[in-house]
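# Residue-level structural notes
Chain residues, written in single-letter form:
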Amino acid sequence: ITWFSVSSPFPEKDFSADDKIIILCKDRTGAAFWFTLGYQSVLASVCLLLAYFARKLPDSFNEAKFITFSMFVFLTVWLSFIPAYLSTRGKYMVVAEIFAILSSSAGMLGIIFLPKCYIIVCRPERNTREKIAITYRL
């Protein structure tokens, strides 16, 4: 909110095409965008590091394996986003941002929740209190 109140985007005309005038949405500074992306990367890296160290904990904490891999996918998508974003211009920059957001979100949700959905839908016999108590020695 502060970013948009201090430095809101503005329309700019692009005359590079021969017979068309393209109106682009330009931002005043890229510093806020890169700061936001850097902050997000630092948080994701810390989460990846902590999940990596927690993956060897006892069975009660076995979510760390899924979180580790999902954060690795998240960071990989966003690290590949940077050269793709810098090499595109115009409306394709928005497409690159949307693709990075959707693919990182789908990767995280898929890696964390698909194993649970598999157990619930395809292996309901493993989703009982008795099986969980035996597995975790409750």
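Residues numbered from 1 in each chain as written. Predicted model: local features only at pLDDT ≥ 70, side-chain atom pairs only at ≥ 80, totals over all residues. Heavy atoms only, no water.

Along its length, helix H4 (residues 91-122) shows its largest kink, about 40°, at Phe113, and proline Pro115 lies within four residues downstream of that point. Of the residues making up H4, those classed as buried are Met93, Ala96, Ala100, Ser104, Gly107, Gly110, Ile111 and Ile112. Residues of H4 that are buried make contact with helix H3 (63-86). (Bend = angle between axes of the 7 residues up to and from the residue. Helix = DSSP H or I, 4+ residues; strand = E, 2+ residues; numbered from the N terminus. Buried < 20%, exposed > 50% of the residue type's maximum accessible area, 1.4 Å probe, protein only. Contact = heavy atoms within 4.5 Å.)

Within the secondary structure, Thr2 is located in helix H1 (residues 2-6). Residue Thr2 is classed as exposed on the basis of its relative accessible area of 58%. Taking C-alpha positions, Thr2 is 9.7 Å from Ala32, a pair spaced 30 residues apart along the chain.

If you check H3, its first and last C-alpha atoms are 35 Å apart, about what 24 residues at 1.5 Å a residue would give, namely 34 Å. Listing the buried residues of H3 in full gives Ala64, Thr68, Ser70, Met71, Val73, Phe74, Leu75, Val77, Trp78, Phe81 and Tyr85. Lining the buried residues of H3 we find helix H2 (31-54) and H4. (Expected span 1.5 Å × (residues − 1).)

Enumeration over the complete set of coordinates arrives at six aromatic pairs. With 5.1 Å between their ring centres and 40° between their planes, Phe81 and Tyr85 make a pair best called tilted. Here Tyr85 and Phe81 lie together in helix H3, a separation of four residues that amounts to about one turn. With a relative accessible area of 13%, Tyr85 lands in the buried category. Through a chain of ring-to-ring contacts, the aromatic side chains of Trp34, Phe74, Trp78, Phe81 and Tyr85 assemble into a single cluster. (Phe/Tyr/Trp six-rings, centres within 6.5 Å; stacked < 30°, edge-to-face > 60°.)

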